[in-house]
Amino acid sequence: MGKVRNILETKKTGPVSIRPDNTVFEALELMAEKNIGALLVMERQQVVGIFTERDYARKVILRGKASKDLLVGEIMTSNPLTVSSDTSIEDCMACMTDKFIRHLPVIDDERLTGIISIGDVVKYIIEDQEYIIGNLKHYITGI
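Residues numbered from 1 in each chain as written. Predicted model: local features only at pLDDT ≥ 70, side-chain atom pairs only at ≥ 80, totals over all residues. Heavy atoms only, no water.

1. So, the sheet that holds strand β1 (residues 17-18)
Next, step 1: Across the sheet, which stays open at both edges, the 4 strands sit in the order β1-β2-β3-β4 with mixed pairing between neighbours. Of all the strands in the sheet, just β1 and β4 (77-78) have a single pairing partner and so form its edges.
Next, step 2: Across 2 bridges, strand β3 (residues 46-52) lies against β4 in antiparallel orientation. Across the sheet, residue Ile50 finds its bridge partner in β4, namely Thr77.
Next, step 3: Strand contacts of helix α2 (residues 24-34): β1, β2 (38-43) and β3, with the helix running at about 80° to β3, the strand carrying the most contacts.
Next, step 4: The sheet strands contacting helix α3 (residues 53-61) are β3 and β4, and the helix crosses β3 at an angle near 65°. (Pairing = 2+ DSSP bridges. Helix = DSSP H or I, 4+ residues; strand = E, 2+ residues; numbered from the N terminus. Contact = heavy atoms within 4.5 Å. Axes fitted to C-alpha atoms, helices over the stretch in contact; angles between N-to-C directions.)

Set out below in C-alpha cells:
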C-alpha cells in the first residue's frame, strides 16, 4: 500500500485556504468557485481549523444563522486531525472511516504540504488493486 505522498504527487492543485475572520458566505463562494468541499483555515501560515460543507449544513443552516454575518472561525472545526506524507493510505482510510471525516490536512515538519480527501484515498486504493490484479493475471496466465 502506498503513502500519502503518492496521492499528493498526482494532485493538480494545492490546498485552498481561508482566514478565520472571513465570513462563512465568502468561504462558500470560494468553495463553489474551486468546486471543493473543504477549506483549510489558516492563520500566520498555520492550520488552525478546517471548514467543510458539513460545518455549514450543521452549524449554520440547521441553527437558522446567516452566512453573511457569521465568521468562519466561529464554526470551523478547530485543530483538525492531520497526517504526514509518510502516513500509509491504509491508515488514512481507517482514520477517515473511524472518525467520519472526509478531509485530512497533510503536515510535514510543521508546514502544510497538502490536503487529501476520501475520494483521493478511494481512487488510489482502486487503482492500486487494479494494478495488483493485472500483475496476478499476467503471472498466472503468462500473457
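2. Looking at the pattern of salt bridges
Next, step 1: Across all of its chains, the model carries 5 salt bridges by this definition.
Next, step 2: In this structure, Arg5 engages Asp86 in a salt bridge whose closest nitrogen and oxygen atoms are separated by 2.3 Å. Remark: Asp86 occurs in the loop between β4 and α5 (89-99) and Arg5 occurs in helix α1 (residues 4-10); sequence separation between them is 81 residues.
Next, step 3: Of the charged contacts, one joins Lys123 and Glu127 as a salt bridge, the two residues approaching to 4.0 Å between their closest N and O atoms. Of this pair, Lys123 and Glu127 both sit in helix α6 (residues 118-141), 4 residues apart, roughly one helical turn.
Next, step 4: Glu127 gets classed as partly exposed once you look at its relative accessible area, which sits at 43%. (Salt bridge = Lys/Arg side-chain N within 4 Å of Asp/Glu carboxyl O. Buried < 20%, exposed > 50% of the residue type's maximum accessible area, 1.4 Å probe, protein only.)

3. So, the environment of Asp109
Next, step 1: When you line up the elements, Asp109 lands in the loop between β5 (103-108) and β6 (111-117).
Next, step 2: Owing to a relative accessible area of 76%, Asp109 belongs among the exposed residues under this scheme.

4. A few points about the nonpolar core
Next, step 1: One finds Leu39, Phe51 and Val72 to be the most contacted residues of the largest nonpolar core, which totals 14 residues.
Next, step 2: Among the secondary structure elements, those contributing two or more residues to this core are α2, β2 and α4 (72-75).
Next, step 3: Looking at this core, the element that brings in the most residues is α2, giving 4 residues.
Next, step 4: Excluding residues within four positions of it along the chain, Val72 makes contact with Ile18, Arg19, Pro20, Asn22, Thr23, Val24, Ala27, Val41 and Phe51. (Core = buried A, V, L, I, M, F, W, Y, C linked by side-chain atoms within 4.5 Å.)

5. Some points on the pairing of β5
Next, step 1: Direction of pairing for β5 relative to β6: antiparallel, over a ladder of 6 bridges. Paired with Ile107 across the strands is Leu112, a residue of β6.
Next, step 2: What sits between β5 and β6 in their antiparallel hairpin is a turn of 2 residues, with Asp109 showing a positive phi close to 50°.

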